[in-house]
Amino acid sequence: MDKLKLSTANIVILVAGVVMLIASFLAFLKISSPSFSIGGQHFGGSISRNAWSSGNFLIATIPVLIGIVMAAHVAVVAFAPQVKLPETVLGLTWTQIHLILGFQATIMMLAFLIRSTCGVDKVIVLFIMLLASIPLLAGDVLRTHSTPNPPPRPPPPPTPLPHPPRSPLPTL
């Protein structure tokens with residue numbers, strides 16, 4: 001277990017991903033209307049939605065999936081060292097991918113928070129998911145700053161001249 005040390009950034013990403021997953025199953029939108037009955041039929045009441053409800057996929061479920069993917073990557077790297085992942089994906093390092101995904105999740109949760117929701121109450125769970133997406137981004141920034149820079153490459157050796165240099169003075 002000594003080899004399985006997690007950096008602070010990776011712990012932040014793991015916890016934020018788990019919190020987002022748990023919060024995604026709780027209701028974060030509540031639609032309420034006055035309830036009344038007509039002829040034995042009941043109308044109105046309240047309906048709750050979570051991130052997996054229909055109509056919320058693009059703006060509420062994708063940030064959760066991003067958090068799950070980021071936490072899963074950190075967990076695989078930390079707890080399954082025998083699994084070999086490529087150093088780069090599409091020319092991006094894993095730290096860069098994490099930074100992009102964390103930024104995307106945070107922006108999407110902010111967009112969900114500020115969008116117009118006429119007649120819909122935003123429940124505390126929405127704020128929990130937003131507050132979980134911000135540490136995803138913060139953990140990625142920490143990863144970026146904690147990743148050691150590779151040592152600079154040594155300069156290339158000088159190329160030999162094709163002909164010996166000529167002396168500017170004539171020889172006697």
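Preceding block: the structure.
Figured I'd write up the structure that's included with this text.

**Some points on the overall build of the chain**
A tally of helices and strands in the chain yields 4 helices and 5 strands. Seen in sequence order, the chain has helices and strands lined up from the N terminus as α-β-β-α-β-β-α-β-α. Counting across all 172 residues of the chain, residues that qualify as buried make up 28%. Looking at the chain alone, contacts between residues at least 24 apart form 68% of all its contacts between residues at least 6 apart. For the chain, the exposed area adds up to about 11900 Å²; of that, 70% sits on carbon and sulfur atoms.

**Notes on the environment of R143**
One can find R143 in helix α4 (residues 124-146). Overall, R143 belongs to the buried group, its relative accessible area being 12%. Taking the C-alpha atoms as reference, R143 lies 7.5 Å from N10; in sequence the two are 133 residues apart. Apart from the residues lying within four places of it in its own chain, the contact partners of R143 are A9, N10, I13, H73, V74, W94, T95 and H98.

**So, a nonpolar patch on the surface**
On the surface, I11, V15, V19 and I128 cluster together into a nonpolar patch covering about 290 Å² of accessible area. Of all the elements, helix α1 (residues 8-24) adds the most residues to the nonpolar patch, at 3 residues.

**Let's talk about the nonpolar core**
Within the largest apolar cluster, 23 residues are counted, with the highest numbers of intra-cluster contacts made by M20, F28, A51, M109, L126, M129 and L136. Those elements giving two or more residues to this core turn out to be α1, α2 (57-79), α3 (94-114) and α4.

**Section: the environment of S133**
Structurally, the position occupied by S133 is in helix α4. Residue classification places S133 among the buried positions, given a relative accessible area of 0%. Along the chain, S133 and A16 lie 117 residues apart, while their C-alpha atoms are 6.7 Å from each other. With near-sequence residues (within four places) excluded, S133 lies in contact with M20, G102, A105, T106 and M109.

**As for the side chain of S24**
Take S24: it is sitting in helix α1. Among the residues examined, S24 registers a relative accessible area of 0% and is labelled buried. Separated by 2.6 Å, the side chain of S24 and the backbone oxygen of L21 make a polar contact. S24 has contacts with N50, A51, W52, V64 and M129, leaving out every residue within four places of it along the chain.

**Brief notes about unusual backbone geometry**
Unlike most non-glycine residues, L90 shows phi in positive territory, near 55°. As for its placement among the helices and strands, L90 is situated in the loop between β3 (88-89) and β4 (92-93).

**Description of α3**
With 21 residues, α3 should cover 30 Å at 1.5 Å per step; its first-to-last C-alpha distance of 30 Å lies within 8% of that length. The complete set of buried residues in α3 reads T95, I97, H98, G102, A105, T106, M108, M109, F112 and L113. Seen along its axis, α3 keeps its buried residues to an arc of 165°; they face one direction.

Rules and cut-offs
Residues numbered from 1 in each chain as written. Predicted model: local features only at pLDDT ≥ 70, side-chain atom pairs only at ≥ 80, totals over all residues. Heavy atoms only, no water. Helix = DSSP H or I, 4+ residues; strand = E, 2+ residues; numbered from the N terminus. Buried < 20%, exposed > 50% of the residue type's maximum accessible area, 1.4 Å probe, protein only. Contact = heavy atoms within 4.5 Å. Areas by Shrake-Rupley, 256 points an atom, 1.4 Å probe, with all protein chains shown as cover. Patch = residues over 30% accessible without salt bridge, like charges linked within 9 Å, V, L, I, M, F, W, Y side chains within 5 Å. Salt bridge = Lys/Arg side-chain N within 4 Å of Asp/Glu carboxyl O. Core = buried A, V, L, I, M, F, W, Y, C linked by side-chain atoms within 4.5 Å. Polar contact = N/O pair within 3.5 Å; in protein donor to acceptor, adjacent residues only side chain to side chain. Expected span 1.5 Å × (residues − 1). Arc of directions from axis to C-beta.

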